[in-house]
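# Descriptive analysis of the structure
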Amino acid sequence: MHEEEIQRFNDSLERCSANGEFLERFYALFLASSGEVAAKFAHTDFRRQARMLRTSLYIMMLSSDDDELGTHLEHLAQRHSSRDLDIRPELYDLWLDCLLQAVAEFDPRFDAAAAAAWRRVLQPGIEYMKSRY
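Residue indices begin from 1 for each chain and proceed along its sequence in written order. With the structure being a predicted model, the display of local features is reserved for residues of pLDDT at least 70 and the display and counting of side-chain atom pairs for 80 or more, all residues being used for whole-chain, interface and lining totals. Side-chain metrics rest on all non-hydrogen atoms present in the structure, leaving aside hydrogens and water.

## Looking at the overall build of the chain
Let me state the cut-off plainly: Segments assigned H or I by DSSP are reported as helices when at least four residues long, segments assigned E as strands when at least two residues long, and all are numbered from the N terminus. This radius of gyration counts C-alpha atoms alone. The globule rule is 2.2 Å times how many residues there are, raised to the power 0.38. In this scheme, a residue with accessible area under 20% of its type's maximum is buried, one over 50% is exposed, and one in between is partly exposed, where area comes from a 1.4 Å probe on protein chains only. For this analysis, residues touch if any pair of their heavy atoms sits within 4.5 Å. Reported accessibility uses the Shrake-Rupley method at a 1.4 Å probe radius. Residues are deemed covered only where the shown protein chains occlude them. In this tally Asp and Glu are treated as negative and Lys and Arg as positive; neither His nor the chain ends contributes. Charge coordinates come from a single atom per side chain, which is NZ of Lys, CZ of Arg, CG of Asp or CD of Glu.
Counting secondary structure elements, the chain contains seven helices and zero strands. Counted from the first residue to the last, the chain has its helices and strands arranged as α-α-α-α-α-α-α. On C-alpha atoms alone, the chain measures out to a radius of gyration of 14 Å, which is about the 14 Å that the 2.2 N^0.38 rule sets for 133 residues. Along the first, second and third principal axes, the C-alpha atoms of the chain reach 35 × 35 × 25 Å. Buried residues in the chain amount to 40% of all 133 residues. A fraction of 76% describes how many contacts in the chain between residues 6 or more apart in sequence connect residues 24 or more apart. For the chain, the accessible surface area stands at approximately 7400 Å², while carbon and sulfur atoms represent 50% of it. Of note, the chain has its 16 positive side-chain charges centred 5 Å away from the centre of its 23 negative side-chain charges.

The structure is reproduced here in structure tokens:
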């Protein structure tokens, strides 16, 4: 992955994160996207969840250019696996679609290049998570 794509992702994430409603909007979209998703989050502390998601996005960004994905994402993958939270692999695609919808709403400079950067930066982590289900 090129440093330019990672920088584009990071800049977009920073613009989105400047608005405190960004992750709230993402979760509203994600919960509305599927009854299964809504059920998984029924008893969630969303303030804590938003902090964990923000951290996870940075971990995935840092891992996107690293051959050692497992060392950075293993804890997340174990937590989301069939043995714990049971997040089915198909839900990650829905997660990414909802995240990109929120990004498009909150990043004033969002364009096709930014969307591609988000997908390319997050895809290795998503694939890793799916593989550990």
